[in-house]
Amino acid sequence: MPPKSKAAAAAAAEPVALEDLFSTLHRHIEAGDFPQAVKVADQVLKAAPGDEDAVRCKVVGHIKSDETDKALAAIRAAERLPIDLSYYKAYCYYRQNKLQEALELLRGQEESSAVLQLESQIFYRLGRMNDCMDSYQKLQKYKIDSMDLKINTIAALVAAGRASEVQATMKAQKVDLTTRALRDARSFELAYNSACSLIENKKYTEAKEQLDLAKRIGKEELMVEDYADDEIEYELAPVSTQLAYVQQLQGQTQEALGTYVNMTNEKSADPSSRAVATTNLISLKGTKDAADSLRKLDRLIEKSTAPNQLQLVGGLDFKLSPRQKEALYSARVLLLLHANKTDQAHELVSGLLGMFRDNVFPVLLQAAVHVREKKVQKAEEVLSQYAEKHPGNSKGVLLALAQIAANANHFQLAADSLAKIPDIQHTPATVATIVALKERLGDSTAAAAVLDSAIQWWKNAMTEDNNKLDVFMREAATFKLSHGRDEEACLLYEELVKSHGSVEALAGLVATSARTNLVKAEQYEKKLKPLPGLKGINVESLEKTSGARHVDGTQEIKLDDPVDPKKLKPKKRKRKPRYPKGFDPANPGPPPDPERWLPKRERSSYRPKRKDKRAQVRGAQGAVTREKHDAGAAAATSSSKAPVASSDPPKTSNKSRKKKSRS
């Protein structure tokens, strides 16, 4: 057998070398050494260009090493190969927060558990919580027994405002969310998300128990991994912030305030927890110390060179939920308005309108800025335009519009705005407000029509709550009685008596019928039960007492039960005020000085006398006349430490010498 050539030997040795490379590649992947795995994958591709497994390993190695740019470059380099890397490309876009591009790539993919999980995460970041829940429901048919999937499902339900469904959903997946079961499960994330659902359901005591449990489990797990105390505090910052929020809701403001202040320190919490703590701290402090609150918020917002572009620091745009970002930006706008920085508020609102298109909260903030500037009509136009474009999402806008219009005495616009909200149109508060607005407009007919519509709605409503119907009928009867609609009020009272037999309604019916139909009034008056203790009272005598109307003439009062005159308290006699002699109360003159009793030195008008410094010295510089020198030497000044006397005896004047010579 002839010997093989060198080329044939190399060809025979190549599969062995490739197999060794794949073994090395597998070993690096199992060890989690992804940079080395990428290098080995490059060696495989040199030996076998276009190998599908090597390409996939290289892309995944870059993704695991947080090098999404290099992963996308590897995907672009393999575009000519018959390999579908769309899922990995979509994941890279997801990691780079290019969420719409990632979603477009997934739409062309065949449905699988991996695709659905990535799709649900993208929907969660976009704030499309209902779509996120749809993806999780589709995942149920794959029967994935993953704790992460259950944790994410709870988070999506809470974020979608469907926290009431958490218990039923987890029960269907055989997950017990009681505190004892969570303690046995030893799942930090599950306990935390379950506590968040309890907070949304306003079960604060149970939520606090589960948050304490989550903090204890997390601390134990981190201590096993040899984390330092400050590192443990940093990792558990989300739980501490949520605990402070529960304390705030329970009225323990001082405890919550201390936690929030600690969380605002950059070394104590991660950026997202610090942002939430800062926002909650501002809501707790209110407008107190607005300048300090604005400085804290400035640390969370990056200054962008592009106009009307806003960006949060540390990637907070993708770590905070839409609700948390709305609260943060709203707090900043309101603080700017309180500080009278309307120009900065306008600039911020303009950026928010571009970032959150078709969203409610920037429109409400824009209206608030206009109201602050006393441009009420402009605010009403902004809110009205949004309500017309988005009728299904305009409840908050219409309520704000009604409030602004009512404060501006635009009662018709306020009433029309409230009437456009169908789900609260027949509630007692809304009906009462609309009726009051119609009364302000002087349209009692329209106000009565609103009451009649509410009564008819509650009659047709399939509910067992008849108390509200009774309230509406009584209030409508009182309203119509006060506006001269006696017949309609009488019918309402009669209907109340026939349907419920209320004593108050019967009394109202008797009083109302006495104005319209005396026979009916007497008929129903017989149904009134006599009050206990009123037997034997002479009505004629009662009318003659002081409680009845004044009757001319003096008549003898006879009572069956006379009152002891000793027990009657004598009335105090009113005395006229006594004025000083010569004082005219009609012309009292100027009021007396309130400081008239104080010494003069303690009065605000007191001014001490100043020394006369107008004396001028004549002669050469430094010369002093003899007379003034003697006078200055004779008087001791109060400002000097020790008085200085003249060495020469004082001389008497010429007049004194003449008097002495004469004597």
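Just so it is clear, the structure is predicted and the values come from calculations on it, not from any experiment.

Calculation rules
Residues numbered from 1 in each chain as written. Predicted model: local features only at pLDDT ≥ 70, side-chain atom pairs only at ≥ 80, totals over all residues. Heavy atoms only, no water. Helix = DSSP H or I, 4+ residues; strand = E, 2+ residues; numbered from the N terminus. Contact = heavy atoms within 4.5 Å. Areas by Shrake-Rupley, 256 points an atom, 1.4 Å probe, with all protein chains shown as cover. Core = buried A, V, L, I, M, F, W, Y, C linked by side-chain atoms within 4.5 Å. Buried < 20%, exposed > 50% of the residue type's maximum accessible area, 1.4 Å probe, protein only. Arc of directions from axis to C-beta. Patch = residues over 30% accessible without salt bridge, like charges linked within 9 Å, V, L, I, M, F, W, Y side chains within 5 Å. Salt bridge = Lys/Arg side-chain N within 4 Å of Asp/Glu carboxyl O. Lys, Arg positive; Asp, Glu negative; His and termini not counted. Charge placed at Lys NZ, Arg CZ, Asp CG, Glu CD. Axes fitted to C-alpha atoms, helices over the stretch in contact; angles between N-to-C directions. Parallel < 35°, antiparallel > 145°, perpendicular 65-115°, else oblique. Left-handed = near helix turned anticlockwise from the far one by under 90°. pLDDT = per-residue confidence, 0-100. Phe/Tyr/Trp six-rings, centres within 6.5 Å; stacked < 30°, edge-to-face > 60°.

What follows concerns the overall build of the protein chain. From N to C terminus, the protein chain includes 34 helices and two strands. Restricting to contacts in the protein chain with at least 6 residues of sequence separation, those with at least 24 account for 47%. A total accessible area of about 44200 Å² is found for the protein chain, and carbon and sulfur atoms account for 51% of it.

Right, let's talk about the nonpolar core for a bit. Grouped together as the largest cluster of nonpolar side chains are 67 residues, with contacts concentrated most on Ile122, Tyr136, Ile154, Val166, Leu177, Leu190 and Leu211. At eight residues, helix H12 (residues 188–200) tops the list of elements feeding residues into this core. For isoleucine 154, the residues in contact, after removing those within four places along its chain, are Val166, Met170, Leu177, Leu190, Asn193 and Ser194. Formed by 35 residues, the second largest nonpolar core is a distinct cluster that contains Ala402, Ile434, Ala489 and Leu509.

Further remarks concern helix H25 (residues 411–419). The α-helix winds at 3.6 residues per turn, so residues separated by three or four positions along the chain end up facing the same way. Along H25, the positions that sit buried rather than exposed are Phe411, Ala414, Ala415, Ser417 and Leu418. Axial view of H25: buried residues confined to an arc of 160 degrees, hence all on one face. Contacts from the buried residues of H25 go to helix H24 (395–407) and helix H26 (428–440).

Looking now at a negative patch on the surface. The grouping of Asp148, Glu189, Glu221, Glu225 and Asp226 at the surface amounts to a negative patch. Considering the arrangement of structural elements, one finds glutamate 221 in helix H13 (residues 204–224). A relative accessible area of 36% means that glutamate 221 is categorised as partly exposed.

Right, let's talk about the pattern of salt bridges for a bit. Proximity of charged atoms lets side chains of opposite charge pair with each other. For the structure on display, the rule yields 19 salt bridges. When the shortest N-O distance is used, the salt bridge between lysine 285 and aspartate 292 registers 3.4 Å. Its relative accessible area of 17% is what places aspartate 292 among the buried residues. Across the pair lysine 375 and glutamate 373 runs a salt bridge whose closest N-O atoms are separated by 3.7 Å. Classification of glutamate 373 as partly exposed rests on a relative accessible area of 23%. Each of the salt bridges in this network shares a partner with another, and the network as a whole consists of Lys285, Asp292, Arg295 and Lys296.

Close contact between helix H30 (residues 503–516) and helix H31 (residues 518–525) brings their axes to 7 Å; oriented N to C, the two are set at 155 degrees. If you check the angle between H30 and H31, you find them roughly antiparallel. Remark: the crossing between H30 and H31 carries left-handed chirality. Residues Leu506, Leu509, Val510, Ser513, Ala514 and Thr516 of H30 form the contact with H31, whose participating residues are Leu518, Lys520, Ala521, Tyr524 and Glu525.

Another point: the environment of leucine 399. With respect to the helices and strands, the residue leucine 399 is situated in helix H24. For leucine 399, a relative accessible area of 36% puts it in the partly exposed group. As for leucine 399 and leucine 418, which are separated by 19 residues in sequence, their C-alpha atoms are 6.7 Å apart. Beyond its immediate chain neighbours, meaning those up to four positions away, leucine 399 contacts Leu418, Ile421 and Ile424.

In this model, the protein chain carries a mean pLDDT of 80, and residues with pLDDT of at least 70 account for 81%. Segment residues 1–16 is flagged for pLDDT under 50; beyond a separation of four residues in sequence, or across chains, it makes one contact in the model. Taken as a whole, residues 623–663 scores under 50 in pLDDT and shows 11 contacts with residues more than four places along the chain or in a different chain.

Time to look at the packing of aromatic side chains. Across all of its chains, the model carries six aromatic pairs by this definition. Judged by centre distance (5.9 Å) and plane angle (45 degrees), the rings of tyrosine 91 and tyrosine 94 are tilted. One end of the pair is tyrosine 91 and the other is tyrosine 94, both in helix H5 (residues 86–95) and three residues apart, which spans about a single turn. For the ring pair phenylalanine 356 and phenylalanine 361, a centre distance of 5.0 Å and an interplane angle of 75 degrees mean the geometry is edge-to-face. An aromatic cluster is present here, built from Tyr329, Phe356 and Phe361 joined pairwise through their rings.

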